[in-house]
Amino acid sequence: TNMLRSALAHSSNVANLGETFHTETLQAPGNFFAWFESSGQTYPLIRSVEWTRDILNQFADFLEGKFGVSVIDVKYNSLYALAPSWQSILAPPPLLTAFRRRKYTIVHLIREKTIEHALSQLIAASTGVYVAYSEDALSGKGPIDVDVTSLVRMARMYLNEIELVK
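These remarks concern the structure in this document. (Residues numbered from 1 in each chain as written. Predicted model: local features only at pLDDT ≥ 70, side-chain atom pairs only at ≥ 80, totals over all residues. Heavy atoms only, no water.)

On the surface, L4, L8 and V107 cluster together to form a nonpolar patch covering roughly 240 Å² of accessible area. Within the secondary structure layout, L4 lies in helix 1 (residues 2–11). (Patch = residues over 30% accessible without salt bridge, like charges linked within 9 Å, V, L, I, M, F, W, Y side chains within 5 Å. Areas by Shrake-Rupley, 256 points an atom, 1.4 Å probe, with all protein chains shown as cover. Salt bridge = Lys/Arg side-chain N within 4 Å of Asp/Glu carboxyl O. Helix = DSSP H or I, 4+ residues; strand = E, 2+ residues; numbered from the N terminus.)

Listed below in structure tokens is the structure:
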């Protein structure tokens, strides 16, 4: 997603907003949580469907007013970032519902190599090496133990996420 987002921003009039609904990217120009804090609103402990819909519309109005056409990068783990306090597991994520109502184009990138990606994530978590430009980055780390149950669970989660967004 990072590469696609950057390519779109460099080749058109699209603003690259980064990972919009991620708490680790508060410095991104269109970060939801930074916008929310600056708006002076209070995040309710119990969120209704109406509150969620209203806040997402306010945020979308802000993005459209400030950036015009933009690319919003929403990772799977952020789809429920603004979910109501209770939501049926059969209901689509509120972010997707709000974006579809506003007729946003949704591009869904699917991981084709789920086992390889899951293994990469587990190795990164184990070694602390999240970005490597050569195989030398892991030299000296010794054998890396990977829990097979975690690997299978993560790969299945990826497949479930693909079905969720369809």
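Further notes follow.
Okay, helix 4 (residues 94–101) next. Within the span of helix 4, buried status applies to P94, L95, L96, A98 and F99. Directly after helix 4, the chain includes K103, whose backbone phi takes a positive value near 65°. (Buried < 20%, exposed > 50% of the residue type's maximum accessible area, 1.4 Å probe, protein only.)

Mapped onto the fold, T20 is located in the loop between strand 1 (15–19) and helix 2 (32–38). Apart from residues no more than four positions distant in its own chain, T20 is found in contact with G30, N31, F32, F59, I72 and D73. (Contact = heavy atoms within 4.5 Å.)

As a further point, take the pattern of salt bridges. For the coordinates displayed, the defined rule picks out two salt bridges. In this structure, D61 engages R102 in a salt bridge whose closest nitrogen and oxygen atoms are separated by 2.6 Å. Of this pair, D61 sits in helix 3 (residues 49–67) while R102 sits in the loop between helix 4 and helix 5 (114–127), placing them 41 residues apart in sequence. Under the relative-accessibility criterion, D61 is labelled partly exposed at 45%.

Distances and angles like these do not, on their own, reveal function.
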